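Coordinate analysis (summary)
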Amino acid sequence: GNSYRLRIVDKQEVPLRFDNGFYLARWAKPQAKEIFTDWYKKMATAKLAERTEHYARSTGIEYRTVKITSATRRLGSCSPDGTLTFPWRLIMAPLQVIDYVIVHELVHVEEKNHSQRFWEKVKVIIPDYESAREWLKNNWHRLKL
């Protein structure tokens, strides 16, 4: 959810380092997009699994697993077997938005549609979910490399 400065540095052995900003080794510039994509995928895999488990424990909703994809248009999905799928780009969003998307898909494990009952369950878990939906509507297109 934050913007960070990117610095190109000469004396760095690893291709990319994050320390309150991004440090990309000059020798790694030609592969920068792939390096950043891999870094974001790694961060998304860890954080989205952690946040999903947090909400699953607090709600008692059981899911099968979390998968990370390179989808550009879908914010998430829930398969009939309870597999929750999220795009790695979601990790670029503010935490409240990430939490909303996770809860949205978790609730789909129990409610397979967008009925009133579905939205009531989402609201119990994320009372201010409308602001996250609004953020996504206005900013999702910006979450790219």
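Look above for the structure.
In what follows, the accompanying structure is described. Small disclaimer: the values here were computed from a predicted structure and weren't measured.

Moving on, we come to the packing of aromatic side chains. The geometry of an aromatic ring pair comes down to the distance between the two centres and the angle between the two planes. The full count for this structure, using the stated rule, is 12 aromatic pairs. Summarising the aromatic geometry, the rings of tryptophan 39 and tyrosine 40 are spaced 5.1 Å apart at their centres and angled 80° between planes, so their arrangement reads as edge-to-face. Of the residues examined, tyrosine 40 reaches a relative accessible area of 14% and is grouped as buried. With a centroid separation of 5.2 Å and an interplanar angle of 15°, the aromatic rings of tryptophan 119 and tyrosine 129 are classed as stacked. One end of the pair, tryptophan 119, is in helix H3 (residues 116–125); the other, tyrosine 129, is in helix H4 (residues 129–139), and 10 residues separate them in sequence. Comparing tryptophan 119 with tyrosine 129 shows no difference in burial state: the two are buried. Aromatic rings pair up to connect Tyr4, Phe18, Phe22, Phe36, Trp39, Tyr40 and Trp88 into one cluster. The cationic tip of arginine 17 hangs over the ring face of tyrosine 23; the distance from NZ or CZ to the ring centre is 4.4 Å.

In the contact formed by H3 and H4, the axes pass within 9 Å of each other and the chain directions differ by 100°. Considering their axes alone, H3 and H4 lie roughly perpendicular with respect to each other. From H3, Trp119, Val122 and Lys123 reach across to H4, where they touch Tyr129, Glu130 and Arg133. Taken together, the residues of the contact of H3 with H4 sort by class into three nonpolar, no polar and three charged.

This brings us to the sheet that holds strand E3 (residues 22–25). Strand order in the open sheet formed by three strands is E1-E3-E2, with mixed pairing between adjacent strands. The open sheet has two edge strands with one neighbour each: strand E1 (6–9) and strand E2 (16–18). Neighbour-to-neighbour, the strand axes of this sheet turn through a mean angle of 25°, independent of strand direction. Across three bridges, E2 lies against E3 in antiparallel orientation. Looking across to E3, one finds that phenylalanine 18 is bridged to phenylalanine 22. On top of the sheet, helix H1 (residues 32–59) reaches E1, E2 and E3; it is set at about 135° to E3, its chief contact.

Parameters at a glance
- Every chain is numbered on its own, with residues counted from 1 as its sequence reads.
- Under the rules for a predicted model, residues below a pLDDT of 70 receive no local features and side-chain atom pairs below 80 are neither given nor counted, while totals for whole chains, interfaces and linings still include all residues.
- With hydrogens and water set aside, each side-chain value is computed from the structure's full complement of heavy atoms.
- Side-chain rings of Phe, Tyr and Trp (the six-membered ring for Trp) are treated as a pair once their centres are within 6.5 Å; stacked means planes under 30 degrees apart, edge-to-face means over 60, and tilted covers the remaining angles.
- Burial classification: accessible surface area is computed with a 1.4 Å probe over protein chains only, and a residue below 20% of its type maximum counts as buried, one above 50% as exposed, and the rest as partly exposed.
- The numbering of helices and of strands both runs from the N terminus, where a helix is a DSSP run of H or I of at least 4 residues and a strand a run of E of at least 2.
- Note on criteria: charge over ring means Lys NZ or Arg CZ within 6 Å of the ring centre, with the direction from the centre no more than 35 degrees off the ring normal.
- The axes used here are C-alpha line fits, helices contributing only the stretch in contact, and every angle between their N-to-C directions lies in the interval 0 to 180 degrees.
- Orientation labels follow simple angle bins: below 35 degrees gives roughly parallel, above 145 gives roughly antiparallel, 65 to 115 gives roughly perpendicular, and whatever is left gives oblique.
- Contacts are residue-level and defined by heavy atoms, with any inter-residue pair within 4.5 Å sufficient.
- When residues are grouped by polarity, Ala, Val, Leu, Ile, Met, Phe, Trp, Tyr, Cys and Pro land in nonpolar, Asp, Glu, Lys and Arg in charged, and all others, Gly among them, in polar.
- Pairs of strands are assigned from DSSP output, requiring at least two bridges between the strands.

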